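A structural walkthrough
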Amino acid sequence: MKRLTKIFIVLVMMLGMILLNYSYASGETYTLDFEVSNANESFDLYVLLPKEYILFAIQEDGLNIEYTGADTLKNNNIPSISVNKNDIEDKLYEENGIEYTQIHLKENSQDKYEFDILADYPDMDMKFRVKNTTKDYIIHIDNFEVKNGICKVEYDYMEASVKQEGTEISQFIIILLIVILIALIVVTIIAYNKQKEKE
């Protein structure tokens, strides 16, 4: 029985190590991928970075920079937030007492925009803002998921609706759960048989 327990502990440790390797390392990023459909007029798109994210990036880069709103990015070089300083808006966006620095995004291809986010930042509290003379729409993505290093946001301009492609549990996680389940069943059966033999 003790041998079975040791084998089970080793299995659990191996699975734990696999999971740790599967998680994001410090400094890695994922991409916010914003795609627009049914746009019948021109507009400006901004990514809104909360104060907490900017402070997190400063800490990740080991810098000693005081937060001063939009000037934090305009006047300093923060490697984890690589932006053209001309794309940073002077005016902050505020919501529920939280300050957001607005960064104007340019299309990287037709109707597609991208922005990289530090993968080990724990929240999804950045936002998008679609703005022109007739529209000012804030897009919250806090319930969206990152899949294969991409958080894909699909925005229908005419309907002002936002969705994310259907996310599925990754094949790796499914296999891992099956392995754990099989290991538990095998250990339980062996332990039960050993107990019966002793009786």
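**A closer look at the pairing of strand S6 (residues 127-131)**
With four of its five residues buried, S6 lies for the most part within the structure. Where strand S2 (residues 44-50) and S6 come together, five bridges link them in antiparallel fashion. Along S6, the bridge assignment pairs tyrosine 46 with arginine 129. With five bridges joining them, S6 and strand S7 (residues 136-140) adopt antiparallel strand pairing. When the bridges of S7 are listed, phenylalanine 128 appears paired with isoleucine 139. Here S6 folds back onto S7 in antiparallel fashion, the turn holding four residues.

**Section: unusual backbone geometry**
A negative phi angle characterises most non-glycine residues, just as the trans form characterises most peptide bonds. Within the chain, asparagine 96 stands out as a residue other than glycine whose phi angle is a positive 50°. Positive phi values are uncommon outside glycine, yet asparagine 148 reaches one of about 55°. Inspection of the secondary structure assignment puts asparagine 148 in the loop between S7 and strand S8 (150-156).

**Topic: the environment of alanine 160**
One can find alanine 160 in the loop between S8 and strand S9 (161-163). Judged by relative accessible area, which is 26%, alanine 160 ranks as partly exposed. Considering only alpha carbons, one finds alanine 160 and isoleucine 139, 21 residues apart in sequence, at a separation of 9.5 Å.

Rules used throughout
- Residues numbered from 1 in each chain as written.
- Predicted model: local features only at pLDDT ≥ 70, side-chain atom pairs only at ≥ 80, totals over all residues.
- Heavy atoms only, no water.
- Buried < 20%, exposed > 50% of the residue type's maximum accessible area, 1.4 Å probe, protein only.
- Helix = DSSP H or I, 4+ residues; strand = E, 2+ residues; numbered from the N terminus.
- Pairing = 2+ DSSP bridges.

As far as function goes, none of this settles anything; it's purely spatial.
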